[in-house]
Amino acid sequence: MSTIQSTHATPVALTPTGNVPLPMVLLLATGTGLGVASLYYSQPMLGVLGAEIGAGQATGSQAIGFVPTMTQLGYALGILLLAPLGDRYDRRRIILAKAAALCVALLLAGASPSVGVLLVASLAIGLAATMAQDIVPAAATLAPDAHRGKVVGSVMTGLLLGILLSRVVSGFVAEHFGWRTMFIAAAAAIALLGVALWRGLPRLKPTTHLAYRALLGSLGKLWLKHGALRRAALAQGLLSVGFSAFWSTLAVMLHGEPFHLGSSAAGAFGLAGAAGALAAPLAGRMADRRGPELVTRVGAGLVLVSFAVMGLMPFVPPQAQLGLLVASAIGFDLGIQVALIAHQTIVYGIDPGARSRLNAVLFTTVFIGMATGSALGSLALAHWGWMAVTALSAGAAALALAVRMWPARSGATR
C-alpha cells in the first residue's frame, strides 16, 4: 500500500490502485447515514407517539407534528452555525464531539416524560446530527484527486440511504418494541460509531485561521455575490418544503380513516423512496452530458407531477390510494435527489476554494425548507386534511420549477 500526505490530513494508507481503502469509505458512509438518520426516526412514529407521551386530545397531533420541525430546525441551525468550524478546527475532533452529543440527545428523547422535553431533545438531535455534514468534506480531504468524486459519491450514497431507510427501521421497531426503544437503539448505534470513528478517522488539519465571526460573515458575502447560489438554494429549499410536509404527516394520515395502519406501514414507504434515491446517481452523468440546469428542471418537474398525482386520491378506493402514495413517493424522492445532485454540481463549481461554506449555505436553506414543510404540513393536516398537504407540496414544487425556469441574468453562472 502507498500513502498520501495531504496538507489537511494525517497520511492515509491507500490501496495499490491509489484509492482510499474500502473499510474507510464504509466507515465514512455509515457515519453520514447514521448521523442523518437521527433526523427521521420520529416521522413514522408520530401516529402512536402522541397518545403514549400524553399529548392533549385537542392539540396532540399538532404538538407532536412539531417534533420533526424542531429536528429539522436544529439541523439547519447546526449547518449554519457549526459547519463552518470544520475549516477552522480539526474535523475529527468536531465529529467525535457531535457523536457524543447526538448519543446524549437520543437518550434524552427516549426518556422524555412530556412533549416539551421531546421537543427540546429533537432540537438537540438536529444540532448534533450535523456531524454528517462534517464527514462529507472529511471524505473529500482524505481522498486523492483522482478518486475524490468516487469516494464522496459513495459517502453521499450512505447519507441518502440513511435518510430513507431510517423510516423503515423506526416504523418497525416502534410498532413491535415501542418508540422509546427506537431512540435508545439509535443512541447505542451512535455510541458504537463514535468508537469506530475515534479508532479509524485520522486527524484533519484546519484550512483557515479566520475567526468564527469572519467565517460566519463570509457566508453572507457568498450569498450576496453569487446569484447561482441563491437560485440553487431557493429551488432546493422549496422542494424540501413538499418533501418534509409529506413525510412529517404521512404516519398520522395513515393512522386514521380509512387506512388504520401502524407505524411500520408508514416506515415501509421509505423503501419506495429508497428505490428513487438509488436511481438518482444517473443524474450525475446526465448533468455532465446535458448540463445541470436541464437536470434541475427535470427533477423539479418530476416532483411537481408526483405530488399532483396524489390529488386523485379522493376519487379512487383505499387500496388504489395506497398505490398512488407509493408511486408518488418513488417519483418525488427521485426528483428531489436528481435536483439536489444537479444543484450541488452548480454550487461546487462557483468557487472551489469555498466549497464547505457554499455547501453550508445550500443545506441551511434546504433544512429551513424542511422545518417549514414539517410545520405547515402539520397545520394543514390538522385543519384541512390530507388534500391540503398535497396542495402545499405541489405548490412548493411549482415555485421551485418557476425558479429554475426563470432566466438567469446575462453573464451570470447558472
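Now for a look at the structure at hand. (Residues numbered from 1 in each chain as written. Predicted model: local features only at pLDDT ≥ 70, side-chain atom pairs only at ≥ 80, totals over all residues. Heavy atoms only, no water.)

## A closer look at the overall build of the protein chain
1) Next: Within the protein chain, the regular secondary structure consists of 16 helices and 2 strands.
2) Next: When burial is assessed residue by residue, the protein chain has 55% of its 414 residues classed as buried.
3) Next: Sequence separation of at least 24 residues holds for 82% of the intrachain contacts in the protein chain that already meet a minimum separation of 6. (Helix = DSSP H or I, 4+ residues; strand = E, 2+ residues; numbered from the N terminus. Buried < 20%, exposed > 50% of the residue type's maximum accessible area, 1.4 Å probe, protein only. Contact = heavy atoms within 4.5 Å.)

## What to know about the nonpolar core
1) Next: F246, L250, L325, F332, F367 and W386 are the most contacted members of the largest nonpolar core, which totals 115 residues.
2) Next: Looking at which element gives the most residues to this core, the answer is helix α10 (residues 227-255), with 14 residues.
3) Next: Here F246 is in contact with F307, M310, L325, F332, W386, V389 and S393, once residues within four sequence places are set aside. (Core = buried A, V, L, I, M, F, W, Y, C linked by side-chain atoms within 4.5 Å.)

## Regarding the packing of aromatic side chains
1) Next: Under the counting rule described, the total for this entry stands at 7 aromatic pairs.
2) Next: Here the aromatic rings of F307 and F332 are separated by 4.6 Å at their centres, their planes lie at 20 degrees, and the arrangement is stacked. One end of the pair, F307, is in helix α13 (residues 292-309); the other, F332, is in helix α14 (residues 318-348), with 25 residues separating them in the sequence.
3) Next: Exposure remark for F332: the relative accessible area of 0% places this residue in the buried category.
4) Next: Through a chain of ring-to-ring contacts, three or more aromatic side chains come together here, namely F243, F246, W247, F307, F332 and W386.
5) Next: Geometry around Y89 places R88 over its ring, the cationic atom sitting 5.1 Å from the centre.
6) Next: In this structure, R167 is placed above the aromatic ring of W247, and the distance from its NZ or CZ to the ring centre is 4.1 Å. (Phe/Tyr/Trp six-rings, centres within 6.5 Å; stacked < 30°, edge-to-face > 60°. Lys NZ or Arg CZ within 6 Å of the ring centre and 35° of its normal.)

## Some points on the pattern of salt bridges
Pairs can form between side chains of opposite charge once their charged atoms are near each other.
1) Next: Overall, the coordinates contain 5 salt bridges when judged by the stated rule.
2) Next: Its salt-bridge partner being D134, residue K98 comes within 2.7 Å of it at the nearest N-O pair. Residue K98 is located in helix α4 (residues 91-110), and its partner D134 is located in helix α6 (residues 131-142); the two are separated by 36 residues in the primary sequence.
3) Next: Look at D134 and you get buried, because its relative accessible area is 1%.
4) Next: R297 is the salt-bridge partner of E293, the closest N and O atoms lying 3.4 Å from each other. Residue E293 and its partner R297 are located together in helix α13, separated by 4 residues, close to a single helical turn. (Salt bridge = Lys/Arg side-chain N within 4 Å of Asp/Glu carboxyl O.)

## Describing helix α8 (residues 179-200)
1) Next: Over its 22 residues, α8 extends 32 Å from the first C-alpha to the last, a length consistent with the 32 Å expected when each residue adds 1.5 Å.
2) Next: Inspection of α8 places W179, M182, F183, A186, A187, I190, L193, G194 and L197 among the buried residues, and these make up the whole buried set. All buried residues of α8 lie within an arc of 135 degrees about the axis, which places them on one face of the element. Away from the buried face of α8 by more than 90 degrees, exposed residues L192 and R199 are located. (Expected span 1.5 Å × (residues − 1). Arc of directions from axis to C-beta.)

## Digging into the packing of helix α1 (residues 22-37) against α6
1) Next: Orientation of α1 relative to α6, taken along the N-to-C sense of each, is 160 degrees, at an axis distance of 8 Å. Compared by their axis directions, α1 and α6 come out roughly antiparallel. Note that α1 runs across α6; the crossing there is left-handed. Counted together, M24, L28, G31, T32, G35 and V36 of α1 and M131, A132, I135, V136, A139 and L142 of α6 form the full contact between these two elements. (Axes fitted to C-alpha atoms, helices over the stretch in contact; angles between N-to-C directions. Parallel < 35°, antiparallel > 145°, perpendicular 65-115°, else oblique. Left-handed = near helix turned anticlockwise from the far one by under 90°.)

## A word on the environment of L239
1) Next: Checked against the element boundaries, L239 lands in helix α10.
2) Next: Residues L239 and G369, spaced 130 residues apart in sequence, show a C-alpha to C-alpha distance of 7.7 Å.
3) Next: Other than its neighbours up to four places away in sequence, L239 contacts A300, V303, I336, A339, A397 and A400.

## Comments concerning the side chain of R404
1) Next: Looking at where R404 falls in the secondary structure, it is placed in helix α16 (residues 386-405).
2) Next: Judged by relative accessible area, R404 falls into the buried class, the value being 0%.
3) Next: A distance of 2.6 Å separates the side chain of R404 from the side chain of E293, its partner in a polar contact. (Polar contact = N/O pair within 3.5 Å; in protein donor to acceptor, adjacent residues only side chain to side chain.)

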